[in-house]
Amino acid sequence: MFEYTLKRSKRRKTVAIKVAEQQLTVYAPHFVPRKDIEAWLKTKQHWVAEQVTKQSLHAEQCQFPIKNSQIKLFDQVIPLVFKQENCSQWYQDTDTHELTLAISPRVKLTDAKYLALMEEFLHDKLETYLEMRIQNYCIQMREALPTRLKIQHYKWRWGSCNRQRELTFNLHLASAPLWVIDYVVVHELAHLKHMDHSAAFWQRVSEFYPEHKKASNWLKVNGPFLRWL
Ligand SMILES: [Zn+2]
């Protein structure tokens with residue numbers, strides 16, 4: 001059984017629990033005996049455990065990027081260095097691949113700024129790679145170039161394509177291996193011809209990316225871990 005703080009009150013008619021900052025508080029009326037409270041808590045054990053893990057995950061994410069001190073770019077670990085310099089900027093060491101995130105002493109929300117710089121870095125790298133691969137696959141697929149390439153945070157998808165031929169990719173793809181990013185590129189480019197997931201669409205994907213099942217499985221399994229927020 002986990003530890004908890006019991007708070008009794010005269011006005012209270014029912015028992016309630018609250019989980020905050022890894023602490024469990026039980027609110028109960030004066031007339032409920034402690035053993036009844038504990039018996040009831042036992043039935044809630046699963047729920048409480050779930051809340052505690054949920055909240056600890058959240059806390060870890062909020063402290064990022066200070067705590068982890070590393071990110072992944074194209075499946076390669078990039079060590080992070082946090083610094084104060086006259087102006088806010090990022091730069092990468094060509095030999096060690098170490099990424100320095102430097103912020104000016106005037107910045108108030110330092111974590112937010114570090115995060116913004118890191119995302120700027122990932123955005124930049126992903127954009128360069130996507131531009132190159134889109135060019136390349138458009139030639140192979142005899143497809144006209146898309147009208148626009150956008151990168152943004154998506155919660156549930158890796159890419160999208162609309163009727164205006166604009167392609168959008170999830171920024172989190174920057175942490176995936178290059179062969180997986182290639183699959184998402186081919187997938188979205190195939191949508192320029194087929195706006196659905198019909199047999200004809202998959203036929204076109206397989207033609208230019210035969211191992212698409214392996215890549216989409218990789219995303220299913222590893223996708224959730226590509227997020228840094
Ligand atoms: Zn699709």
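The rules behind these values
Residues numbered from 1 in each chain as written. Predicted model: local features only at pLDDT ≥ 70, side-chain atom pairs only at ≥ 80, totals over all residues. Heavy atoms only, no water. Donors = N, O, S within 2.8 Å, 3.2 Å for Na, K, Ca; no water. Helix = DSSP H or I, 4+ residues; strand = E, 2+ residues; numbered from the N terminus. Buried < 20%, exposed > 50% of the residue type's maximum accessible area, 1.4 Å probe, protein only. Pairing = 2+ DSSP bridges. Axes fitted to C-alpha atoms, helices over the stretch in contact; angles between N-to-C directions. Contact = heavy atoms within 4.5 Å. Phe/Tyr/Trp six-rings, centres within 6.5 Å; stacked < 30°, edge-to-face > 60°. Lys NZ or Arg CZ within 6 Å of the ring centre and 35° of its normal. Core = buried A, V, L, I, M, F, W, Y, C linked by side-chain atoms within 4.5 Å. Domains from an automatic or database assignment. Polar contact = N/O pair within 3.5 Å; in protein donor to acceptor, adjacent residues only side chain to side chain. Salt bridge = Lys/Arg side-chain N within 4 Å of Asp/Glu carboxyl O.

- An unreviewed UniProt entry annotates the protein as YgjP-like metallopeptidase domain-containing protein of Pseudoalteromonas lipolytica.

**A look at the coordination of the zinc ion**
Item 1. Protein coordination at the zinc ion comes from His187 (NE2), His191 (NE2) and His197 (NE2), with a distance range of 2.0 to 2.1 Å.
Item 2. Linear spacing of the donor residues for the zinc ion on their chain is H-x3-H-x5-H. In this pair, His187 is assigned in helix H4 (residues 178-190) and His197 in the loop between H4 and helix H5 (199-208), connecting sequence segments 10 residues apart.
Item 3. When its relative accessible area of 10% is taken as the criterion, His187 is described as buried.

**Quick notes on the sheet that holds strand S8 (residues 148-152)**
Item 1. What the 3 strands build is an open sheet, ordered S8-S10-S9; its pairing is mixed. At either margin of the open sheet sits one strand with a lone partner, and together these are S8 and strand S9 (159-161). Within this sheet the neighbouring strands show an average axis-to-axis angle of 15 degrees, counted without direction.
Item 2. Sheet analysis places S9 next to strand S10 (residues 166-170), joined by 3 bridges and oriented antiparallel. Pairing of Gly159 across the sheet is with Phe169, part of S10.
Item 3. Its contacts with the sheet put helix H3 (residues 110-140) on S8 and S10, and the angle it makes with S8 is roughly 145 degrees.
Item 4. Running at roughly 150 degrees to S10, H4 makes contact with S9 and S10 of the sheet.

**Here we look at the packing of aromatic side chains**
Item 1. On inspection of all chains with the given rule, the structure shows 5 aromatic pairs.
Item 2. The interplanar angle of 50 degrees and the centroid separation of 5.5 Å between the aromatic rings of Phe74 and Tyr129 together place this pair among those described as tilted. Residue Phe74 is found in the loop between strand S4 (70-73) and strand S5 (76-84), and its partner Tyr129 is found in helix H3; the two are separated by 55 residues along the sequence.
Item 3. In this structure Tyr129 comes out as buried when scored by relative accessible area, which is 11%.
Item 4. Here Lys214 stacks its cationic end above the ring of Trp179, 4.9 Å away from the centre of that ring.

**Brief notes about the nonpolar core**
Item 1. With 48 residues, the main nonpolar core has Leu122, Leu189 and Leu219 as its most contacted residues.
Item 2. Contributions of two or more residues to this core are made by S4, S5, strand S7 (99-103), H3, S10, H4, H5 and helix H6 (212-222).
Item 3. If one sorts the elements of this core by residue count, H3 sits on top with 12 residues.
Item 4. Excluding anything up to four places from it in sequence, Leu219 contacts Trp158, Leu173, Val180, Tyr183, Val184, Pro224 and Leu226.
Item 5. Listed in part, the 11 residues of the second largest apolar core include Leu6, Val19, Val32 and Val48.

**Points about the domain arrangement of the protein**
Item 1. If you check the domain split of the protein, you get domain 1 (5-63) and domain 2 (70-226).
Item 2. Look at where the C-alpha atoms of domain 1 and domain 2 centre, and you get two points 41 Å apart.

**Quick look at the pairing of strand S2 (residues 16-20)**
Item 1. Residue alternation in S2 divides its side chains into a buried set, Ile17 and Val19, and an unburied set, Ala16, Lys18 and Ala20.
Item 2. One ladder, built from 5 bridges, connects S2 with strand S3 (residues 23-29); its direction is antiparallel. If you follow Lys18 over to S3, its bridge partner there is Thr25.

**As for the side chain of Ser175**
Item 1. Mapped onto the elements, Ser175 comes out in the loop between S10 and H4.
Item 2. Overall, the relative accessible area of 5% leaves Ser175 in the buried class.
Item 3. Side-chain polar atoms of Ser175 contact the backbone oxygen of Lys72, separated by 2.8 Å.
Item 4. The contacts of Ser175, once residues within four sequence positions are left out, are Lys72, Leu73, Phe74, Asp75, Leu226 and Trp228.

**A look at the pattern of salt bridges**
Item 1. On inspection of all chains with the given rule, the structure shows 6 salt bridges.
Item 2. Between Glu143 and Lys193 there is a salt bridge; the shortest N-O distance is 3.3 Å. Residue Glu143 is found in the loop between H3 and S8, and its partner Lys193 is found in the loop between H4 and H5; the two are separated by 50 residues along the sequence.
Item 3. Judged by its relative accessible area of 12%, Glu143 falls in the buried class.
Item 4. When salt bridges that share partners are traced, they join Glu143, Arg165, Lys193 and Arg204 into one network.

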